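Structural features, examined
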Amino acid sequence: MGSLFRSEEVALVQLLLPTAAAYTCVSQLGELGLVEFRDLNASVSAFQRRFVVDVRRCEELEKTFTFLQEEVRRAGLGLPRPEGRLPAPSPPDLLRIQEETERLAQELHDVRGNQQALRAQLHQLQLHTAVLGQSHSPLPAAAHVDGPSSEKTPLLLSAGGTHQDLRVNFVAGAVEPHKAAALERLLWRACRGFLIASFRETEQQLDDPVTGEPATWMTFVISYWGEQIGQKIRKITDCFHCRVFPFLEQEEARRGTLQQLQQQSQELQEVLGETELFLSQVLGRVQQLLPPWQVQVHKMKAVYLVLNQCSVSSTHKCLIAEVWCATGDLPALQQALQDSSSEAGVSAVAHRIPCRDLPPTLIRTNRFTASFQGIVDAYGVGRYQEVNPAPYTIITFPFLFAVMFGDIGHGLLMFLFALAMVLAEDRPAVKASQNEIWQTFFGGRYLLLLMGLFSVYTGFVYNECFSRATSIFPSGWSVAAMVNQSGWRSGLQLPHSAPWPPTHPMTLTTVPSCCSDQFLSQNPLLTLDPNISGVFLGPYPFGIDPIWSLAANHLSFLNSFKMKMSVILGVTHMAFGVFLGIFNHVHFGQPHRLLLETLPELVFLLGLFGYLVFLVIYKWLQVTVADAASAPSILIHFINMFLFSRSPTNRPLFRGQEVVQYVLVVLALATVPILLLGTPLYLLRQHRRRRRHPQRTPAGQQGEDNAGLLDSPEASASENGWGSDEEKAGCPGEDETEFVPSEVFMHQAIHTIEFCLGCISNTASYLRLWALSLAHAQLSEVLWAMVMRVGLSMGQLGVAAVVLVPVFAAFAVLTVAILLVMEGLSAFLHALRLHWVEFQNKFYVGTGYKLSPFSFTAEDE
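Chains are numbered independently. Their residues run from 1 in the order of the written sequence. Where totals are concerned, whole chains, interfaces and linings use all residues; where local detail is concerned, this predicted model gives features only for residues with pLDDT of at least 70, and gives and counts side-chain atom pairs only at 80 or more. Here the side-chain values reflect all heavy atoms present in the structure, with hydrogen atoms and water set aside.

1. Quick word on the sheet that holds strand S7 (residues 218-224)
In this analysis, strands are considered paired if DSSP registers two or more bridges between them. Helix numbering and strand numbering both begin at the N terminus, where a helix is a DSSP run of H or I of at least 4 residues and a strand a DSSP run of E of at least 2. With respect to topology, four strands assemble into an open sheet ordered S4-S7-S3-S8, the strand pairing being antiparallel. Only two strands of the sheet have a single neighbouring strand rather than two, namely strand S4 (195-201) and strand S8 (243-245). Along the sheet, successive strands turn relative to each other by an average axial angle of 20 degrees, direction set aside. Of the pairings in the sheet, the one linking S4 to S7 comprises seven bridges and is antiparallel in character. Following the sheet pairing, Phe 199 is matched in S7 by Phe 220. For this analysis, residues touch if any pair of their heavy atoms sits within 4.5 Å. Axis definition: a line fit to C-alpha positions, over the contact stretch in the case of helices; interaxial angles, taken between N-to-C directions, run 0 to 180 degrees. Strands strand S3 (169-175), S7 and S8 of the sheet are contacted by helix H4 (residues 91-133), whose axis makes an angle of about 60 degrees with S8.

Following this line, the structure appears as structure tokens:
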């Protein structure tokens with residue numbers, strides 16, 4: 001919890017890596033994932049760095065890997081996940097991987113090319129066979145007949161006619177089906193009918209040589225005479241990319257050619273089968289070798305990219321690197337360097353160095369805390385070692401969500417959904433899902449689990465289960481006592497002035513059976529008066545009494561309760577945020593901020609709005625049933641507090657209330673100039689004192705401190721030379737920035753205005769708890785009244801049983817879609833805003849950056 005409460009201490013460490021062992025050391029650090037490397041060659045372009053040739057070699061290998069991977073996917077195969085953790089390969093191993101990769105790529109390229117050529121040749125043979133195998137009867141050419149024509153004149157002359165000496169030629173081939181109609185139309189128009197064309201669809205589908213998908217072709221045979229007509233036909237078929245094949249006139253010659261084509265196709269299929277078998281063997285080797293090679297080359301490339309960030313010593317015998325490392329991991333870092341460099345004969349050296357840069361933030365999380373830390377980091381990564389809001393968000397975020405989403409049934413559904421994800425979190429199929437919506441829900445499964453659990457709790461407080469009240473305990477109101485003692489002589493509803501039961505009168509809309517018809521006709525609403533003995537027996541053991549669900553003033557009562565509850569939770573939440581700022585000031589050695597900022601902020605917030613919470617609780621505890629009618633108004637008292645006035649008709653809650661209110665307002669106003677001028681004047685005084693009495697570090701002191709940095713993990717944060725924005729100018733050192741009083745005063749003025757006005761607006765902002773809770777309850781009530789009540793109101797049992805099935809299905813779908821998804825998302829966003837704006841801005845800066853250690857975890861996964 002210490003690491004979660006505040007980020008771990010991080011040190012800047014300088015590494016001296018021997019040239020012979022630099023690659024091994026960085027590779028081992030990548031396996032451990034302990035350090036983040038700083039770029040010491042930021043001014044050097046990527047093309048001028050020392051290991052750019054090695055990086056390019058890895059990139060070329062990755063391009064070859066991409067080609068092999070695409071070929072595997074093209075064959076409909078998948079790549080298995082590599083087993084175990086694979087180390088980064090040594091440079092000799094890289095040469096072996098490069099040679100084998102190039103050999104496999106060349107084999108695959110040659111075999112794939114041969115396969116494509118064989119498929120194309122087989123496709124041509126199959127098309128030629130289809131053209132000859134189709135029952136196209138060769139038609140002689142039409143001839144012109146001299147003299148007038150009639151219906152009885154034959155269109156074709158007999159074989160022994162006058163034009164038997166004309167030679168008929170043929171063009172045969174295949175065309176894609178969507179081009180056949182256009183081809184036939186264009187041939188007829190271009191040749192003016194001096195041809196006879198026959199188009200027929202192939203009986204069997206042929207595999208496309210490129211895509212491998214089956215496709216249908218149209219075969220055609222065109223008979224014509226004349227050389228010019230033949231040239232036109234060939235040009236047109238070329239334009240339509242037709243496959244044209246030789247077509248013999250004699251039937252026996254065509255049969256002989258067809259038999260030859262079928263024999264060639266059979267032989268070609270055998271050769272193609274052998275080729276595909278060899279291709280599958282090559283792809284099998286690629287499947288086996290490619291996944292580990294990809295991981296190893298990715299790691300090697302990452303190592304060389306890190307080595308490019310290191311600077312070379314003047315003697316070129318070692319590389320110098322600077323890394324951020326958690327102080328708790330320094331012994332493991334030193335041990336890893338010694339183990340990695342032992343074979344080189346020279347050990348790598350690591351020692352801490354001072355730094356004035358702000359260190360990165362390191363907060364270790366687990367499955368449970370990761371989602372809550374993600375909520376905080378989405379607002380902004382915390383500054384180094386400032387208080388982390390995540391531990392408190394684990395409780396406050398689900399609770400504030402549940403205040404707006406309180407319902408036993410809805411919370412239970414959300415809890416069961418999250419519980420199912422938690423129980424199945426170790427299944428590979430669940431983790432490997434690529435659906436973004438599922439990944440979002442799965443990543444926040446523990447957050448959803450607590451949100452559902454807290455919603456069940458607040459549902460018991462509100463006594464709502466799918467908008468219906470539950471009678472777990474006996475009600476604290478007695479209708480029989482009201483009937484026996486009063487005879488229901490009054491049907492008027494008493495004024496709704498008391499803040500909390502049992503002072504509220506209750507007006508029932510459900511009619512007791514003991515009332516007379518005459519009384520009921522005169523009084524449609526029956527009022528339960530808690531002033532009558534025996535009517536109110538005591539508060540409900542837990543939550544709201546279920547009898548309130550029958551009352552006509554149910555909504556007014558809940559509005560009063562939830563509105564005051566929202567104010568109490570809001571002021572408590574904000575005061576807790578201001579209180580957490582104390583830990584920041586104490587940890588960073590800024591005691592003046594406790595007196596000049598935190599104390600005035602607490603006085604301002606609690607003196608005004610904390611007093612409002614006190615009035616609400618005091619009125620709940622002190623105002624009795626007998627005084628409910630004349631109970632004073634808290635709102636009028638709060639307004640008079642700021643106006644320094646009093647209302648004769650609104651009696652005080654306690655003796656000396658006006659004096660207390662005046663004192664609190666004066667104290668709150670007095671804290672404003674302290675907030676505005678206190679910290680800037682103190683910093684200005686400190687700056688002038690340093691200028692009059694400068695402090696110098698003795699010679700040799702810095703070297704003595706550096707020698708023990710690695711052995712002192714509890715070194716203070718001041719050695720890194722960082723502090724608050726206003727106090728950086730006051731830190732001694734050669735990098736001291738100029739102190740600008742105007743900027744400090746402006747910064748503090750903005751902070752003061754933001755806090756003072758924010759206390760008012762933020763308190764009002766917490767009323768969204770009341771508004772969202774009311775909206776959720778009313779939507780649930782409307783859904784029940786318009787859907788389920790319709791099915792339950794059916795008179796006949798058989799009809800009701802049939803109708804309830806679709807009615808319940810519609811009710812379930814609308815409940816999940818509207819009340820769980822839409823209302824849940826709305827409550828989630830409002831709870832997120834309350835934490836980011838109203839809570840975290842009281843103490844959380846969020847201007848840091850994460851520690852991103854150099855790690856091979858992503859490659860291994």
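Next, the rest of the story.
2. Some points on a nonpolar patch on the surface
Note on patches: the residues involved have over 30% relative accessible area and no salt bridge, like charges join within 9 Å, and the nonpolar side chains Val, Leu, Ile, Met, Phe, Trp and Tyr join within 5 Å. Per-residue accessibility takes into account occlusion by the displayed protein chains alone, with areas from the Shrake-Rupley method and a 1.4 Å probe. Between Lys or Arg on one side and Asp or Glu on the other, a salt bridge is scored when a side-chain nitrogen of the former is within 4 Å of a carboxyl oxygen of the latter. A surface patch of nonpolar side chains, about 470 Å² in accessible area, is lined by Leu 779, Leu 814, Val 816, Ile 818, Val 821 and Met 822. No other element matches the five residues that helix H24 (residues 797-839) contributes to the nonpolar patch. Along the chain, Met 822 falls in helix H24.

3. Regarding a positive patch on the surface
Charge assignment: positive for Lys and Arg, negative for Asp and Glu; neither His nor the chain ends contribute. Taken as the charge centre is NZ of Lys, CZ of Arg, CG of Asp or CD of Glu, depending on the residue. Together, Arg 685, Arg 688, Arg 689, Arg 691 and Arg 692 give the surface a local cluster of positive charge. Tracing the sequence through the fold places Arg 688 in helix H20 (residues 657-692). Three labels apply to residues, based on accessible area from a 1.4 Å probe with only protein chains included: buried if under 20% of the type maximum, exposed if over 50%, partly exposed otherwise in between. Judged by relative accessible area, which is 48%, Arg 688 ranks as partly exposed.

4. Looking at the side chain of Ser 265
Structurally, the position occupied by Ser 265 is in helix H7 (residues 251-307). Exposure remark for Ser 265: the relative accessible area of 8% places this residue in the buried category. In this view, Ser 265 contacts Leu 122, Leu 125 and Thr 129; residues no more than four positions away in its chain are not counted.

5. A short note on the pattern of salt bridges
In total, this model carries 26 salt bridges according to the counting rule given. Note that Arg 85 and Glu 31 form a salt bridge whose closest N and O atoms lie 3.1 Å from each other. Here the residue Arg 85 occupies a position in the loop between helix H3 (52-74) and H4, and Glu 31 occupies one in helix H2 (residues 22-32), the gap between them amounting to 54 residues. Here Arg 367 ties to Glu 425 by a salt bridge, and the two come within 2.8 Å at their closest N and O atoms. Here the residue Arg 367 occupies a position in the loop between strand S11 (349-352) and helix H9 (370-379), and Glu 425 occupies one in the loop between helix H11 (408-423) and helix H12 (428-431), the gap between them amounting to 58 residues. A network of salt bridges, in which partner residues are shared, links Arg 367, Glu 425, Asp 426 and Arg 445.

6. Some details on the packing of helix H17 (residues 554-587) against helix H23 (residues 768-792)
Contact geometry of H17 with H23 gives a least axis separation of 8 Å together with a crossing angle of 145 degrees. You can see that H17 and H23 cross each other, and the crossing is right-handed. Of the residues in H23, those in contact with Leu 555, Asn 559, Lys 562, Met 563, Ser 566 and Leu 569 of H17 are Leu 769, Trp 770, Ser 773, Leu 774, Ala 777 and Gln 778. Under the scheme applied, nonpolar residues are Ala, Val, Leu, Ile, Met, Phe, Trp, Tyr, Cys and Pro; charged residues are Asp, Glu, Lys and Arg; polar residues are all the others, including Gly. Its residues assigned to classes, the contact of H17 with H23 comprises seven nonpolar, four polar and one charged. Left-handed describes a crossing in which the near helix is turned anticlockwise from the far one by less than a right angle; the clockwise case is right-handed.

7. Examining the nonpolar core
For the purposes of this section, nonpolar cores are sets of buried Ala, Val, Leu, Ile, Met, Phe, Trp, Tyr and Cys residues that join through side-chain atoms within 4.5 Å. Core analysis: the largest hydrophobic core is formed by 83 residues, its most contacted members being Leu 605 and Phe 755. Sorting elements by how many residues they give to this core places H17 first, with eleven residues. Excluding anything up to four places from it in sequence, Phe 755 contacts Val 578, Glu 601, Phe 604, Leu 605, Leu 675 and Lys 842. Listed in part, the 52 residues of the second largest apolar core include Leu 15, Leu 68, Val 72 and Leu 333.

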